[in-house]
Amino acid sequence: MITLKDLLFPRRCPVCDRPVKPAGSLICRECADRLRYVGEPACMKCGKALQDKRQEYCFDCSRKKHLYDRGVSLYHYGSVKDCIYRFKYGGRQEYAAFFGQEMARRLGRQIVAWRPDALVPVPLHPRRLRDRGYNQALLLARETGRRLQIPVLEDWLLRVKNTRPQKLLDGRERQNNLKKAFKISRNDVKLNTIVIIDDIYTTGSTVDEIAAVCRRHGVTKIYFAALSIGNGRT
Ligand SMILES: [Zn+2]
Ligand SMILES: [Zn+2]
C-alpha cells in the first residue's frame, strides 16, 4: 500500500539508493536480484559458503577454535558492500526495514530453532555512537526481533573500549585490539542462550570476544546471525 509518507519521503532502495520502485516496497524489484544469499553447502561453524559439499568446515574454522557455538549469515559481503557502507556511515537507517525483513525471512527458522532468550546486537562505543547517531546492528536486531518475536537486549552488553577499526588489522592484532573491549552492564539478567547480531562477519574475532565475556556471565549457548559474511578462505 502506498501511503502519503511514501510520496512525501520516498523510501530509498538499499541497493541503488534511489527511491524504491514500485513505491511502497522495501527494495526495487530489479535491485533485489543483485544481492547474493549465502547458500549450501555451508561451514558447520561460521556458516560461510563452501565449494565442496564433502567439507564440514571452512579453511578458517578448521584451523581456529571459535568461542561461539555456531552462526549464520544472509549475504555474501561482496554483493552488499556498498549498501552496508551507506547503512553504517551514510545515515541510511531506513535500510534496516528491508534487511531485518530478510534476516527474519531467510534466517528466522534457524534462529528460532536455537531458542534464544534474546538477540544481542554488537554494541558501538558511546563515542562512536555519538558520531554516527545510531548503531546499525541494533536497528537490525530490532527489526529481526520484532518479526520473530524475540526480545532484543539493548544495553546489557556494552563496548567500553573505543577500538581501532578491525578492517585495518590482521588476525592477531584484531584479537588483541578487542581485549577487554566488552562488558556486561548488569548481573540480574540471567540468560542461557543468545544470538549476537552484527552487520558483517569476517574472521569472527568480535563474536569470539563477546562470546568469552558472555560465557563468564553464565550464558551457555552463543550463536550469531550476521547480515553478511566475507569470503575468507574456504
Ligand atoms: Zn534499487
Ligand atoms: Zn567457517
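Residues numbered from 1 in each chain as written. Chains lettered and ligands numbered in written order. Predicted model: local features only at pLDDT ≥ 70, side-chain atom pairs only at ≥ 80, totals over all residues.

### Details of the overall build of the protein
At step 1: For the protein, the helix and strand inventory stands at nine helices and six strands.
At step 2: The C-alpha radius of gyration of the protein comes to 18 Å, within 12% of the 17 Å expected for a compact globule of 234 residues.
At step 3: Counting only C-alpha atoms and orienting by the principal axes, one finds that the protein spans roughly 50 × 45 × 35 Å.
At step 4: Across the 234 residues in the protein, those meeting the buried criterion constitute 36%.
At step 5: Intrachain contacts of the protein at a sequence separation of at least 6 include 72% that bridge at least 24 residues. (Helix = DSSP H or I, 4+ residues; strand = E, 2+ residues; numbered from the N terminus. Rg over C-alpha atoms; globule rule 2.2 N^0.38 Å. Buried ≥ 20, exposed ≤ 12 C-beta atoms within 10 Å, placed from the backbone. Contact = placed C-beta atoms within 7 Å.)

### Focus on the sheet that holds strand β6 (residues 221–229)
At step 1: An order of β1-β6-β5-β2 is seen for the four strands of this open sheet, with the pairing classed as parallel. In this open sheet, the two edge strands, each paired with only one partner strand, are β1 (70–76) and β2 (118–121). Averaged over all pairs of adjacent strands, the angle between strand axes in this sheet comes to 20°, irrespective of strand direction.
At step 2: As paired elements, β2 and strand β5 (residues 193–201) share four bridges and run parallel to each other. Residue pairing across strands places Leu 119 opposite Val 195, the latter belonging to β5.
At step 3: Sitting on the sheet, helix α4 (residues 77–89) is in contact with β1, β5 and β6, with an inclination near 90° to β1.
At step 4: Packed on one face of the sheet, helix α9 (residues 205–216) meets β1, β5 and β6 and runs near 160° to β5. (Pairing = 2+ DSSP bridges. Axes fitted to C-alpha atoms, helices over the stretch in contact; angles between N-to-C directions.)

### Quick word on the environment of Cys 16
At step 1: Here Cys 16 shows up in the loop between α1 (4–8) and α2 (29–32).
At step 2: Separated by 118 residues in sequence, Cys 16 and Tyr 134 have C-alpha atoms that sit 22 Å apart.
At step 3: If we skip the residues at most four places from it in the chain, Cys 16 touches Cys 28 and Cys 31.

### Points about the nonpolar core
At step 1: Formed by 55 residues in total, the largest nonpolar core has its most connected members in Leu 140, Val 195, Ile 196, Ile 197, Phe 224, Ala 225 and Leu 227.
At step 2: If you list the elements that add at least two residues to this core, you get β1, α4, α5 (95–113), β2, α7 (136–148), β5, α9 and β6.
At step 3: Ranked by residues supplied to this core, first place goes to α5 with eight residues.
At step 4: Looking at this core, you find at least three residues from each of domain 1 (1–34) and domain 2 (37–229). (Core = buried A, V, L, I, M, F, W, Y, C linked by C-beta atoms within 7 Å. Domains from an automatic or database assignment.)

### Quick word on the domain arrangement of the protein
At step 1: As assigned here, the protein comprises domain 1 (1–34) and domain 2 (37–229).
At step 2: Placing the centre of domain 1 and that of domain 2 at their C-alpha centroids yields a distance of 27 Å.
At step 3: At the interface, eight residues of domain 1 touch ten residues of domain 2.
At step 4: Partitioned by chemical class, the residues of the side of domain 1 that touches domain 2 number four nonpolar, no polar and four charged. (Nonpolar A, V, L, I, M, F, W, Y, C, P; charged D, E, K, R; others polar.)

### Some details on α7
At step 1: With 13 residues, α7 ought to run about 18 Å at 1.5 Å a step, and its terminal C-alpha atoms sit 18 Å apart, in line with that.
At step 2: Buried residues of α7: Gln 136, Ala 137, Leu 138, Leu 139, Leu 140, Ala 141, Glu 143, Thr 144 and Gly 145, and no others.
At step 3: On its buried face, α7 sits against α4, α5, β2, β5 and β6. (Expected span 1.5 Å × (residues − 1).)

### Description of the packing of α5 against α7
At step 1: With their axes 8 Å apart at the nearest point, α5 and α7 run at an angle of 55° to one another. The angle between α5 and α7 places the two elements in the oblique class. Our pair here, α5 against α7, has a crossing hand that is right-handed. Taken together, the residues of α7 that come into contact with α5 (itself represented by Ala 96, Ala 97, Phe 99, Gly 100, Gln 101, Met 103, Ala 104, Gly 108, Ile 111 and Val 112) are Leu 139, Leu 140, Glu 143, Thr 144, Arg 147 and Leu 148.
At step 2: Split by residue class, the contact of α5 with α7 holds ten nonpolar, four polar and two charged. (Parallel < 35°, antiparallel > 145°, perpendicular 65-115°, else oblique. Left-handed = near helix turned anticlockwise from the far one by under 90°.)

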